[in-house]
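These are the residues of each chain, in order.
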Amino acid sequence: MAGKKKPLVVITRKLPDQVETRMRELFDARLNLDDRPLSQPELVAAMKEADVLVPTVTDRIDAALIEQAGANLRLIANFGNGVDKIDVEAAARKGITVTNTPGVLTEDTADMTMALMLAVPRRLTEGANILEHPSKWAGWSPTWMLGRRFTGKRLGIIGMGRIGTAVARRAKAFGLSIHYHNRHRVLQSVEDELEATYWESLDQMLARMDIISINCPSTPATFHLLSARRLALLQPTAYIVNTARGDLIDEETLVRMLQEGKIAGAGLDVFEHEPAVNPKLVKLAARGKVVILPHMGSATIEGRIDMGEKVIINIRTFFDGHRPPDRVLPNRT
C-alpha cells in the first residue's frame, strides 16, 4: 500500500499494544483506548466514516446497522472467529466484504475446555473456595469433597471441527473414550487416531455420554441445539461443558435441571445473554453445581496477538486488491 492513502480503520475495542502499534503504522487507525463498548450511535457514526470496521464479539453488526454504512466502508474485519453477530448476507448485499480470524484460537480454547472438563467433576473451584474460609476445613477426610473419576468416561463432542478435534486429542490422552456428532464424518485417519465413535444421531449420543463438550458454531440452525427435549435425554450423572456460544443451550432448562439434580454439573465459559449472566447460575456456582467463567476460552496474550495479525493481513490483502485469506461468505453463516 506504499504511496496510497491509508484506509481509515475504526477499531471498536482496545487490542494488545503490539497489534495497535502495527495498525497505526500501516493504517489511519482510530483506537479505542478506553476499551468501552461503542454505543449504537457511535457504531453508526463509525460505519458512516470508516473504510474498515474492526468489531469484536461485543458488537452486533445487524442488517439495520449495515444499511446505514457509508459509501467508503468496504471491509468488516472481525477480531474473532465467530461471525454470528454480523449479518454477512446484508454486508454482501451492500458490497461489504467480511473477514474473521480462524484457526488461531484452537489450542487456547481446547485448553480451557479441558480445564472446565476437569474442574466440574473433580469439584476444583468448590474446593478452592473452601480455603477462602479456613475454618470450614478441618483437614483431610476419606469421604469429604468426593468428585467423580475422569479417566474411563465417555466424552461426546458436538462439533468436530478444529477445536472439537483438539479437545478430542487432549481428552484421549486423559483416558476418555471419544464420541462425536458432526454434520459430516471426519476423515477415517482422524477417527483411527482418536479411536473415535461417530454418531449420526445427536439424540442417541447424548443419552449415552458421561460428559458433553459443545464446540460447534452459533448459527440460526444451531440456536438451542441442546433444547429442553435434548437436555432431558442426558443421564443424571452427566456433565456439560460449553466454550462455544451460550445460545447453543436452552439456558433456562439447563438451570432447572441443575437445580433439580437431573444433571450432575456444568462448566460454562459462555452465556445465552452475554454479558448478562443468569443470577440462578451464579447461585448454582456458589453451591458447586456449576463452574462459570467470563468468556475466557481464547484469552491468552499469544492468541490475541495472533488474532490481530490475521486482521492486519486481511486488511492489507484487501486493499492491495486481492481476496483476503479469511473472507467469510454468506453461505457459511
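Residues numbered from 1 in each chain as written. Predicted model: local features only at pLDDT ≥ 70, side-chain atom pairs only at ≥ 80, totals over all residues. Heavy atoms only, no water.

### Details of the overall build of the protein
Moving on, step 1. Helix and strand counts for the protein come out as 13 helices and twelve strands.
Moving on, step 2. Here the protein has a C-alpha radius of gyration of 22 Å; the compact-globule value for 333 residues is 20 Å, and the two agree.
Moving on, step 3. With respect to the principal axes defined by its C-alpha atoms, the protein has extents near 70 × 50 × 35 Å.
Moving on, step 4. Across the 333 residues in the protein, those meeting the buried criterion constitute 48%.
Moving on, step 5. For the protein, the proportion of contacts with a sequence separation of at least 24, taken over those separated by at least 6, is 61%.
Moving on, step 6. Summed over its atoms, the accessible surface of the protein is roughly 16600 Å², and 52% of this surface lies on carbon and sulfur atoms.
Moving on, step 7. Distance between charge centres in the protein, computed from 44 positive and 40 negative side chains, equals 3 Å. (Helix = DSSP H or I, 4+ residues; strand = E, 2+ residues; numbered from the N terminus. Rg over C-alpha atoms; globule rule 2.2 N^0.38 Å. Buried < 20%, exposed > 50% of the residue type's maximum accessible area, 1.4 Å probe, protein only. Contact = heavy atoms within 4.5 Å. Areas by Shrake-Rupley, 256 points an atom, 1.4 Å probe, with all protein chains shown as cover. Lys, Arg positive; Asp, Glu negative; His and termini not counted. Charge placed at Lys NZ, Arg CZ, Asp CG, Glu CD.)

### Notes on the layout of surface pockets
Which parts of space are left empty comes out when a probe the size of a water molecule is rolled across the atoms.
Moving on, step 1. Roughly 150 Å³ of internal volume is contained in the second largest pocket.
Moving on, step 2. Val10, Ile11, Thr12, Arg30, Leu31, Asn32, Leu38, Glu42, Ala45, Ala46 and Glu49 together form the lining of the second largest pocket.
Moving on, step 3. The set of elements that each furnish at least two residues to the lining of the second largest pocket consists of strand S1 (8–11) and helix H2 (40–49).
Moving on, step 4. Residue classes in the lining of the second largest pocket are distributed as six nonpolar, two polar and three charged. (1 Å grid on protein atoms, 1.4 Å probe; cavity = no way out; pocket = protein on both sides within 12 Å on 5 of 7 lines; lining within 4 Å. Points joined across faces, edges and corners; volume = space filled by probe spheres on them. Nonpolar A, V, L, I, M, F, W, Y, C, P; charged D, E, K, R; others polar.)

### A few points about the domain arrangement of the protein
Moving on, step 1. Here the protein is described as being made up of domain 1 (8–100 + 301–328) and domain 2 (105–292).
Moving on, step 2. Across the contact surface, domain 1 and domain 2 share one salt bridge.
Moving on, step 3. The shortest N-O distance in the salt bridge between Asp84 and Arg245 comes to 3.2 Å.
Moving on, step 4. In the side of domain 1 that touches domain 2, the residues fall into two nonpolar, two polar and one charged. (Domains from an automatic or database assignment. Salt bridge = Lys/Arg side-chain N within 4 Å of Asp/Glu carboxyl O.)

### Some thoughts on the nonpolar core
Moving on, step 1. Of all hydrophobic cores here, the largest spans 29 residues; its most connected members are Ile158, Ile214 and Ile240.
Moving on, step 2. Broken down by element, the residue count for this core peaks at four residues, all from helix H11 (residues 251–259).
Moving on, step 3. The residues contacting Ile214, other than those within four sequence positions of it, are Ile158, Leu226, Ile240, Val241, Asn242, Thr243, Ala244, Leu248 and Ile249.
Moving on, step 4. Of all hydrophobic cores here, the second largest spans 26 residues; its members include Val120, Ala166, Leu176 and Val241. (Core = buried A, V, L, I, M, F, W, Y, C linked by side-chain atoms within 4.5 Å.)

### A closer look at the sheet that holds S1
Moving on, step 1. Strand order in the open sheet formed by five strands is S2-S1-S3-S4-S5, and the pairing between neighbours is parallel. Edge positions in the sheet fall to strand S2 (28–30) and strand S5 (97–99), since each has one partner strand and no second. Along the sheet, successive strands turn relative to each other by an average axial angle of 20°, direction set aside.
Moving on, step 2. Across two bridges, strand S3 (residues 52–54) lies against strand S4 (residues 75–77) in parallel orientation. Bridged to Leu53 within S4 is Ile76.
Moving on, step 3. Along the sheet, helix H13 (residues 301–319) makes contact with S1, S3, S4 and S5, crossing S4 at roughly 160°. (Pairing = 2+ DSSP bridges. Axes fitted to C-alpha atoms, helices over the stretch in contact; angles between N-to-C directions.)

### Describing the packing of helix H1 (residues 17–26) against H13
Moving on, step 1. For the pair H1 and H13, interaxial distance at closest approach is 9 Å and the crossing angle is 15°. One way to sum up the angle between H1 and H13 is to call them roughly parallel. Considering how the two elements wind past one another, H1 and H13 form a crossing that is right-handed. Of H13, the residues touching H1 (which contributes Gln18, Val19, Arg22, Met23 and Leu26) are Arg304, Ile305, Gly308, Glu309, Val311, Ile312 and Arg316. (Parallel < 35°, antiparallel > 145°, perpendicular 65-115°, else oblique. Left-handed = near helix turned anticlockwise from the far one by under 90°.)

### Examining the UniProt feature "domain: D-isomer specific 2-hydroxyacid dehydrogenase NAD-binding" (unreviewed entry) in the protein
Moving on, step 1. Using the residue numbers shown here, the UniProt feature "domain: D-isomer specific 2-hydroxyacid dehydrogenase NAD-binding" (unreviewed entry) corresponds to residues 114–297.
Moving on, step 2. Summarising residues 114–297: 32% helix, 15% strand, and an end-to-end C-alpha distance of 10 Å. (UniProt positions renumbered as here; feature names shortened; annotations may be inferred.)

### A word on the pattern of salt bridges
Moving on, step 1. Here the structure, examined in full by the defined rule, presents 19 salt bridges.
Moving on, step 2. Of the charged contacts, one joins Arg256 and Glu260 as a salt bridge, the two residues approaching to 3.7 Å between their closest N and O atoms.
Moving on, step 3. Taking relative accessible area as the criterion, Arg256 reaches 35% and is therefore assigned partly exposed.
Moving on, step 4. We classify Glu260 as partly exposed; its relative accessible area is 46%.
Moving on, step 5. Through salt bridges with shared partners, a single network forms among Lys14, Asp17 and Glu20.

### Brief notes about the sheet that holds strand S12 (residues 290–292)
Moving on, step 1. Taken in spatial order, the seven strands line up as S8-S7-S6-S9-S10-S11-S12 in an open sheet, and their pairing is parallel. The open sheet is flanked by strand S8 (197–198) and S12, the only strands paired with a single partner.
Moving on, step 2. Two elements, strand S7 (residues 177–181) and S8, share two bridges in a ladder whose sense is parallel. Bridging from a neighbouring strand, Tyr180 pairs with Tyr198 of S8.
Moving on, step 3. Of the strands in this sheet, strand S6 (154–158), S7 and strand S9 (211–214) touch helix H7 (residues 162–173), which is tilted by about 170° from S6.

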